[in-house]
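So you can see what is in the structure, the chains are spelled out below.
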Amino acid sequence: MAAQEQALRTRAIEARVYHTRQDPRCRLCGDAPETVQHITAGCKMLAGKAYMEWHNQVAGIVYRNICTEYGLEVPGTRWETPPKVVENEQAKILWDFHRKTVVVIDVAIPSDSNIRKKEHKKLEKYQGLKEEMERMWWMKATVVPVVIGALGAVTPNLSRWLQQIPGTTPEISVQTSAVLGTAKILRRTLRLPSLW
């Protein structure tokens, strides 16, 4: 909640509100003011490992639910990286592949103010691929953007998108995972104590 209220002691807050610091720039990249939005959705130093780990946690929930729906082996823990391919007579699920899929699921966790724009970009990004798959394989392809704001905001469409994914993925489960990932990144970056 403190992150949602912009009440965390970031360098930008220290400089602009408390006046205890001269330089508001990010302690990690030094490029932009260190705000909650910057740490959760814009820092190039977090873009590789931290953001990808966070992204994969949300995608992993969707993946496990699809596996359950089709009777496929479910990874033992939420931290376990899914195999690239699992299949049975009912379904074939590819993890982190860019081809031969009928349902393309792309997860994004932008700042809350950009969720609608990001959802639109995801749909545009895959439109050509969707059309090509339909043309080449004579299959109906679906693009499903799973976009959750770093602080938990979602578009009114998220529930509808999740319903297009095999299995049952409750909106609250992916939202919770995204917010917990935000908390982890903020705790690490701002060196905040853990609450649990």
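Only a predicted model underlies this, so the values are computations on that prediction, with no experimental measurement involved. (Residues numbered from 1 in each chain as written. Predicted model: local features only at pLDDT ≥ 70, side-chain atom pairs only at ≥ 80, totals over all residues. Heavy atoms only, no water.)

## Thoughts on the overall build of the protein
For the protein, the helix and strand inventory stands at six helices and four strands. For the protein, the succession of helices and strands along the chain, N to C, is α-α-α-β-β-β-α-β-α-α. Projected onto its principal axes, the C-alpha positions of the protein cover 60 × 35 × 25 Å. Per-residue burial for the protein yields a buried fraction of 41% across its 196 residues. Across the protein, every contact between residues at least 6 apart in sequence was considered, and the portion connecting residues at least 24 apart equals 52%. Surface accessibility of the protein: about 11500 Å² in total, with carbon and sulfur atoms responsible for 53%. Placing the 28 positive and 20 negative side-chain charges of the protein at their respective mean positions leaves the two points 6 Å apart. (Helix = DSSP H or I, 4+ residues; strand = E, 2+ residues; numbered from the N terminus. Buried < 20%, exposed > 50% of the residue type's maximum accessible area, 1.4 Å probe, protein only. Contact = heavy atoms within 4.5 Å. Areas by Shrake-Rupley, 256 points an atom, 1.4 Å probe, with all protein chains shown as cover. Lys, Arg positive; Asp, Glu negative; His and termini not counted. Charge placed at Lys NZ, Arg CZ, Asp CG, Glu CD.)

## Brief notes about the side chain of E14
Summarising the element assignment, E14 is placed in helix 1 (residues 11–18). Residue E14 is classed as buried on the basis of its relative accessible area, which comes to 12%. Of note is the side chain of E14, whose polar atom sits 2.7 Å from the side chain of R21. Those residues in contact with E14, other than ones at most four positions away along the chain, are R9, H19, T20 and R21. (Polar contact = N/O pair within 3.5 Å; in protein donor to acceptor, adjacent residues only side chain to side chain.)

## A short note on helix 3 (residues 49–69)
Because an α-helix packs 3.6 residues into every turn, residues spaced three or four apart end up facing the same way. For helix 3, spanning 21 residues, the distance from its first C-alpha to its last is 30 Å, which sits close to the expected 30 Å at 1.5 Å a residue. After helix 3 finishes, the residue G71 shows a positive phi value of roughly 70 degrees. (Expected span 1.5 Å × (residues − 1).)

## Some thoughts on the pairing of strand 4 (residues 142–147)
Along any regular strand, the residues point their side chains to alternate faces of the sheet. Taking burial as the measure, the six residues of strand 4 include six buried ones, the bulk of the element. Of the two faces of strand 4, both are covered, the one formed by T142, V144 and V146 as well as the one formed by V143, P145 and V147. With six bridges connecting them, strand 3 (residues 103–108) and strand 4 associate as parallel partners. Along strand 4, the bridge assignment pairs V103 with T142. Since strand 3 and strand 4 lie parallel, the crossover through helix 4 (residues 115–137) that links them has a hand, and here it is right-handed. (Pairing = 2+ DSSP bridges. Right-handed = clockwise from strand over helix to strand, strands pointing away.)

## Some remarks on the nonpolar core
One finds V58, V146 and V174 to be the most contacted residues of the largest nonpolar core, which totals 39 residues. If sequence neighbours within four positions are ignored, V58 has contacts with V107, I109, V146, I148, V174, S177 and A178. Membership of the second largest hydrophobic core comes to five residues, among which are V104, Y126, M133 and A141. (Core = buried A, V, L, I, M, F, W, Y, C linked by side-chain atoms within 4.5 Å.)

## Section: the packing of helix 3 against helix 6 (residues 171–190)
Between helix 3 and helix 6, the shortest axis-to-axis distance is 9 Å and the interhelical angle comes to 160 degrees. In this view, helix 3 runs roughly antiparallel relative to helix 6, as classed from their interaxial angle. In this structure, helix 3 meets helix 6 at a crossing whose hand is right-handed. Residues A50, Y51, E53, W54, Q57, V58, I61 and V62 of helix 3 pack against S173, V174, S177, A178, G181, T182, K184, I185 and R188 of helix 6. Here the residues of the contact of helix 3 with helix 6 sort into nine nonpolar, five polar and three charged. (Axes fitted to C-alpha atoms, helices over the stretch in contact; angles between N-to-C directions. Parallel < 35°, antiparallel > 145°, perpendicular 65-115°, else oblique. Left-handed = near helix turned anticlockwise from the far one by under 90°. Nonpolar A, V, L, I, M, F, W, Y, C, P; charged D, E, K, R; others polar.)

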